[in-house]
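Here are the chains, one letter per residue:
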Amino acid sequence: MTERQLWERYKKYLCGVESVGLTLDVSRMNFPEDFLERMRGPMEKAFDAMAALEKGAIANPDEKRMVGHYWLRAPELAPEPGLAKEIRDTVAAVRAFSDDVHAGRVKPPKGDRFTRVLLVGIGGSALGPQLVADALGTAADRMQVFFFDNTDPDGMDRVLAQLGDKLAETLTVVISKSGGTKETRNGMVEAERAYQQKGLDFGRHAVAVTGEGSELDRSAKKGNWLRTFPMWDWVGGRTSVLSAVGLLPARLQGLDIDGMLAGARDMDVATRERDMLRNPAALMALMWFHAGNGRGQKDLVILPYKDRLLLLSRYLQQLVMESLGKEKDLDGKVVNQGLAVYGNKGSTDQHAYVQQLREGVNNFFATFVEVLKDREGTSMRVEEEFTSGDYLLGFLLGSRRALFEKGRESMTLTVPDVSARTLGALIALHERAVGLYASLVNINAYHQPGVEAGKKAAGAVLELQRKLLAKLRGEKAKGHTAEELATAVGSPDEVETVFKVLEHLAANADQGVKREPGAQRFDTRFRAG
Ligand SMILES: O=P(O)(O)OC[C@H]1O[C@](O)(CO)[C@@H](O)[C@@H]1O
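Residues numbered from 1 in each chain as written. Predicted model: local features only at pLDDT ≥ 70, side-chain atom pairs only at ≥ 80, totals over all residues.

## What about the nonpolar core?
- Core analysis: the biggest nonpolar cluster contains 136 residues, and Ala 285 and Tyr 437 have the highest contact counts within it.
- When residues in this core are grouped by element, the largest group, twelve residues, is from helix H15 (residues 420–440). (Core = buried A, V, L, I, M, F, W, Y, C linked by C-beta atoms within 7 Å. Buried ≥ 20, exposed ≤ 12 C-beta atoms within 10 Å, placed from the backbone. Helix = DSSP H or I, 4+ residues; strand = E, 2+ residues; numbered from the N terminus.)

## Brief notes about the packing of helix H10 (residues 257–270) against H15
- At a minimum axis distance of 6 Å, the contact between H10 and H15 shows a crossing angle of 45°. It follows that H10 is oblique to H15 by the angle criterion. Between H10 and H15 lies a crossing whose hand is right-handed. Contact residues: Gly 259, Met 260, Leu 261, Ala 262, Gly 263, Ala 264, Asp 266, Met 267 and Asp 268 in H10; Ala 420, Arg 421, Thr 422, Leu 423, Gly 424, Ala 425, Ile 427, Ala 428 and Leu 429 in H15. (Axes fitted to C-alpha atoms, helices over the stretch in contact; angles between N-to-C directions. Parallel < 35°, antiparallel > 145°, perpendicular 65-115°, else oblique. Left-handed = near helix turned anticlockwise from the far one by under 90°. Contact = placed C-beta atoms within 7 Å.)

## Points about the pairing of strand S7 (residues 227–230)
- Direction of pairing for strand S6 (residues 206–210) relative to S7: parallel, over a ladder of four bridges. When the sheet's bridge partners are listed, Val 207 is paired in S7 with Arg 227.
- Handedness of the crossover is the feature at issue here: the chain leaves S6, passes through helix H8 (residues 215–222), returns alongside S7, and the resulting connection is right-handed. (Pairing = 2+ DSSP bridges. Right-handed = clockwise from strand over helix to strand, strands pointing away.)

## Concerning H15
- In this model H15 runs 30 Å from its N-terminal to its C-terminal C-alpha over 21 residues, within 8% of the 30 Å that 1.5 Å per residue would give.
- Just beyond H15, the residue with positive phi is Asn 442, at close to 60°. (Expected span 1.5 Å × (residues − 1).)

## Digging into the sheet that holds S6
- Strand order in the open sheet formed by five strands is S4-S3-S5-S6-S7, with parallel pairing between adjacent strands. Every other strand in the sheet has two partners, leaving strand S4 (144–148) and S7 as the edge strands with one partner each. On average, each strand axis in the sheet is inclined to that of its neighbour by 20°, with strand direction left out of account.
- Pairing of strand S3 (residues 116–120) with S4 involves five bridges; the strand directions are parallel. Considered in S4, the bridge of Arg 116 is made with Gln 144.

## Section: the site of the ligand
- Near the ligand lie 14 residues; those nearest to it are Gly 123, Gly 124, Ser 178, Thr 181 and Gly 237.
- In terms of residue class, the shell around the ligand is built from two nonpolar, nine polar and three charged. (Near = placed C-beta within 6 Å. Nonpolar A, V, L, I, M, F, W, Y, C, P; charged D, E, K, R; others polar.)

## Some words on the sheet that holds strand S2 (residues 22–25)
- Spatially, the six strands line up as an open sheet ordered S1-S2-S11-S10-S8-S9, and their pairing is mixed. The two strands at the open ends of the sheet, each matched to only one other strand, are strand S1 (15–17) and strand S9 (341–343). Averaged over all pairs of adjacent strands, the angle between their axes in this sheet comes to 20°, without regard to strand direction.
- In this structure, strand S8 (residues 299–304) lies alongside S9, joined through three bridges in parallel fashion. By the bridge assignment for S9, Ile 302 is matched with Gly 343.

The structure is reproduced here in structure tokens:
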């Protein structure tokens, strides 16, 4: 295709949402002329399913739940007035609480103001808040936000070291929809101890966002925490950023949550449009379908040319892959669906993996994200005619062209800026695209049965460790091989796991297990310390 033909194709297929100033250009996706017509029927069905979902149908059949993230930004659409009230009340409570914190009406026992937020959460209970904090944060924020998003001890130490004595001015927000996620529980316990070590009362510094009656909810009540905000079973973790999960940290940071909600709401209106060519979420879902033959055969590379959108790919990775990566379809047939997502930012990535994208295995398609506004204020010229931002656009267009020349497809999303409105719109756009695509390939986008297997297996490892430690404690300073111990705890076939657990215990001096010097790898002897 010549550049001129591409321009014609650009004009023909450009899909814009005026209310948020966003456009989607699919001209560099090589879908055949009749593709959209062929997909009209399946897309009609997807629109019907989406309309039913928005009206409160049980759109997550396995978990027998409604799926209501669209109501978060349009409470009047909630199927029951009670739900609408809860949504509105929660947003009002987030605002009021944040105002109280900023004004020092809610304050730390040993300080005048809370100046920092430590968010403890994982997956959907951290990725959205991280994206928002990084995309919209400035040096002038009301509060700085830090994260425990893993059960990595060193990771937590690093954050605590950054907080230092400011822990006394830190409000810890523990977020878990289920309230039982182990990584988050561990983060909470470690945070609590850090406060205690500084002579601070954790409860007077702590807030929870969780489902009513959950383990976390009970801990918060028992520990007399400052407050609890609700998380509802009809909002999925990966679509929860516009519930208290994302709104509370954002508002504490001083960000424009109304802008985020309004941007998402406007995008929702635009993506209810049934004309596929005028609906960017439908068009995007169709492009995903085209690129991967409806089987996820190509990966989606997210390339925002903007540092502030660095975490977009990580956020979309969960949204897309946890939603679409499914073994079975809605009829119970094994389909092993999915769409792999990765990315980082341009033009940085041009100096990393774009080499492979252009010349290597053609197993991907890209979404470029172009941000029109370069920065607040004016830009200096780095050369007579150009600013750094001119270069950024040059690299985006250049990279896109270089890929297309080699038959590598891409879409381009153009947004005016990285504002709260735009971010809300980008999130809503992808949420809707995921939902429509899931219908096209006949899967449930709103459950995640696959993650349970890893959690259960991890539980079994920890149970084995419990047994091992009981055994070792009973036999002071006696040497053992991993084989002997596996047999002794009644799990002879689990010898590799026993070995790995002992190896880890021995590497951490305080765990009371030592590896004998000079021992051979599989003949290693351990003894209780
Ligand atoms: O908010 P929770 O219940 O702690 O869950 C955290 C994350 O864990 C998952 O359930 C996956 O394990 C995600 O879907 C979710 O976002």
